[in-house]
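# Residue-level structural notes
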Amino acid sequence: MFCNQCEQTAKGQGCTVKGVCGKTDEVSAIQDLLVQVCVELGTVATAARKEGLTVSNEANRLTSEAIFSTLTNVNFDEERFVPLIKNIAAARDELAGKVKADCGVITKIAATADELSKQGEAFPVTSFDTNEDLRSLKQIIVYGLKGVAAYVDHAAILGQEDEGLYASIHEALAAVPQELSMEELVGLTMKCGEMNLKAMELLDAGNTGTYGHPVPTEVPLGAKAGKAILVSGHDLKDLRQLLEQTEGSGINIYTHGEMLPCHAYPELKKYDHFYGHYGTAWQNQAKEFAAFPGAILMTTNCIQKPVESYKGDIFTTGLVGWPGVTHVTNGDFAAVIEKAKELPGFEADTDQGSVLCGFARNAVLGVADKVIEGVKSGAIKHFFLVGGCDGAKPGRNYYTEFVEQAPQDTVILTLACGKFRFFDKKLGDIDGIPRLLDIGQCNDAYSAIQIAVALADAFECDVNELPLSMILSWYEQKAVSILLTLLHLGIKDIRLGPSLPAFITPNVLNFLVENFNIMPISTPEEDLKAILG
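This one's a predicted model, so the numbers in the text were calculated from it and none came from an experiment.

Reading the values: rules and limits
Residues numbered from 1 in each chain as written. Predicted model: local features only at pLDDT ≥ 70, side-chain atom pairs only at ≥ 80, totals over all residues. Heavy atoms only, no water. Domains from an automatic or database assignment. Buried area = accessible area lost by both parts, 1.4 Å probe. Salt bridge = Lys/Arg side-chain N within 4 Å of Asp/Glu carboxyl O. Pairing = 2+ DSSP bridges. Helix = DSSP H or I, 4+ residues; strand = E, 2+ residues; numbered from the N terminus. Contact = heavy atoms within 4.5 Å. Axes fitted to C-alpha atoms, helices over the stretch in contact; angles between N-to-C directions. Buried < 20%, exposed > 50% of the residue type's maximum accessible area, 1.4 Å probe, protein only. Phe/Tyr/Trp six-rings, centres within 6.5 Å; stacked < 30°, edge-to-face > 60°. Core = buried A, V, L, I, M, F, W, Y, C linked by side-chain atoms within 4.5 Å.

## Structural notes on the domain arrangement of the protein
Parsing the protein into structural domains produces domain 1 (10-210), domain 2 (217-342) and domain 3 (359-532). Between the C-alpha centres of domain 1 and domain 3 there is a distance of 29 Å. Of the roughly 2,600 Å² buried between domain 1 and domain 3, counting both surfaces, carbon and sulfur atoms make up 66%. Broken down residue by residue, the surface that domain 1 buries against domain 3 is led by Tyr-151, Met-190 and Met-200, which jointly contribute 20%. At the surface where domain 1 touches domain 3, the tally comes to 1 salt bridge.

## Describing the sheet that holds strand E9 (residues 382-388)
One open sheet accounts for 6 strands, arranged E13-E10-E9-E14-E15-E16; its pairing is parallel. Lying at the two open borders of the sheet, with one neighbouring strand each, are strand E13 (436-440) and strand E16 (519-520). Bridge count for strand E15 (residues 495-497) against E16 is 2 bridges, and the pairing is parallel. Note that in E16 the partner of Arg-495 across the bridge is Met-519. Against the sheet, helix H15 (residues 397-405) engages E9, strand E10 (410-415), strand E14 (468-473) and E15, with an angle of about 155 degrees to E14.

## Digging into the pattern of salt bridges
This structure, assessed with the given rule, holds 20 salt bridges. For the salt bridge of Glu-40 with Arg-92, the shortest nitrogen-to-oxygen distance reads 2.7 Å. Of the two residues, Glu-40 sits in helix H1 (residues 25-50) while Arg-92 sits in helix H3 (residues 78-96), which places them 52 residues apart along the sequence. The two residues Glu-40 and Arg-92 agree in class, both being buried. Salt-bridge contacts for Arg-92 lead to Asp-93; the nearest nitrogen and oxygen are separated by 2.8 Å. On the basis of relative accessibility, which here comes to 2%, the residue Arg-92 falls in the buried class. What you see here is one network of salt bridges that share partners, running through Arg-240, Glu-244, Glu-267 and Lys-270.

## Let's talk about unusual backbone geometry
Of note, the bond from Gly-497 into Pro-498 is cis; its omega dihedral lies within 30 degrees of zero at 5 degrees. Checked against the element boundaries, Pro-498 lands in the loop between E15 and helix H18 (506-516). Positive phi outside glycine occurs at Thr-300, with the angle close to 50 degrees. Since its relative accessible area comes to 7%, Thr-300 is described here as buried. Within the chain, Asp-431 stands out as a residue other than glycine whose phi angle is a positive 50 degrees. With respect to the helices and strands, the residue Asp-431 is situated in the loop between strand E11 (429-430) and strand E12 (433-434).

## Points about the packing of aromatic side chains
Summed over the entire model, instances satisfying the criterion amount to 16 aromatic pairs. Here Tyr-254 and Phe-346 contribute two aromatic rings whose centre-to-centre distance is 5.4 Å and whose plane-to-plane angle is 55 degrees, an arrangement assigned as tilted. Here Tyr-254 is found in strand E3 (residues 252-255), whereas its partner Phe-346 is found in the loop between helix H12 (334-342) and strand E8 (354-357), with 92 residues between them in sequence. The burial state of Tyr-254 is the same as that of Phe-346; both residues are buried. Considering the side-chain rings of Tyr-278 and Phe-346, the 6.5 Å spacing of their centres and the 55 degrees angle between planes classify their relative orientation as tilted.

## As for the nonpolar core
The biggest cluster of nonpolar side chains holds 143 residues, and the ones touching the most others in it are Leu-385, Leu-487 and Ile-494. Here this core takes 14 residues from helix H5 (residues 132-157), the largest share from any one element. Contacts of Leu-385, omitting those with residues within four sequence positions, involve Leu-413, Thr-414, Leu-415, Ile-439, Ala-448, Leu-468, Ser-469, Met-470, Ile-471 and Leu-472. In terms of nonpolar packing, the next biggest core, distinct from the first, is built from 24 residues, Leu-236, Phe-315, Phe-333 and Val-336 among them.

## Comments concerning the sheet that holds strand E5 (residues 295-298)
If you trace the 6 strands from one edge of the open sheet to the other, you get E4-E3-E2-E5-E6-E7, paired in parallel fashion. The open sheet has two edge strands, strand E4 (274-277) and strand E7 (326-328), and neither has a second partner. Taking each pair of neighbouring strands and ignoring which way they run, the sheet shows an average axis angle of 30 degrees. Pairing geometry for strand E2 (residues 228-232) and E5, over 4 bridges, is parallel. Its bridge partner lying in E5, Ile-229 is registered against Ala-295.

Okay, here's the thing in structure tokens:
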């Protein structure tokens, strides 16, 4: 195997024996094969559209589901990839039979699960290029598309879809094996950022249209005596269905990881048994899940290898999978509920304080006049967006120390699981505006962008001229797609850490530095001094 798609990759170069995430070489090979078949479907679908043919919504949805399932920490169960490969191949072949153009589709998919799982010749589609810079840009595109596919799938679950976006994904996939110049590939990376902006806009419309706009909400970090279910991942629909199915059961529902912002949505917070938040970020789940006295539901990405002590208590749904873990489908959480009733639950009420969330764009822009006045009066000197993925590698204490050392006349905006390094710190306020504003999940990056754009409009300046600095952490491919969106929007001077992606070559890095002034983080002291002068 060879996999270098996440920040945690072995020795900062690539996993070659087994993924640091727990991915086996068999799973890596079958994921590579799935991406290859998606590239072939993208090639045929692009040709079909050029000839005026219709690409079915089923083929569109299958593409996003398949690519999303290869994102880090989503699915580790190789058997679950088999039907995806077969269905993508079937959609590819159906379209290939209709188009007149020769699409060069020659790969034949093995018919049995055994043959698929033993496929040792699968390889990343970017390996066709011998030029390392071209290969680097194609990897950025493929990994960026994995992030785009995640947001597209989240949005589609809530009924928000766009045929043009699906077509763009297919076109980008079709471009990967082609002989393209550096300039053409750079253009495709920017196009990927544009696609992701549209995908996040659709997801934002789905979330706010279905559950209302988040409002500032105090969320308890302690526990309530009684039976319990813990929900981790990102999916709001799964959470709502679970809340509906447990209403009146005496079971309390807790969030973990990036589900914390769910407490701020009016249509979710109305459930009395939706109690509080438990634990921190994804990489701490082995310890935190082992101590949780109830059932655990894993939605979307971020699953780790379950410890034996709770392997029988954890359930997956959606695209998430781990061998030997019970998978529930169609929004039917009866098995999860029954397991929660069997387990002891919390023995007593505990008070461990609380945190404030719910500062998505409507909440922040609702007090925009106070924010603008604070900047004009000098009460607020600078904004820092400190957000992104958390992870297990050393160096991430930088973000905690940065927030702690940020001057009292600055405001910290944050989102995604990187905030769990400092989410419970009491930083005070500036004239009633909290200094720490939790915008939401990584899925809510659209809100952060809209806040920046609105402030720029208010001050009649460019976003890059705002007293705003972005201090970002990355781990997986959704972070790659968000970074490409920021570059597509022309945002500069981003500080990125804790380490730079292994798939970016020196020449590609030089391009990013020269055109966008992207830089690696250094130390909190040095970076704050450089930013604030």
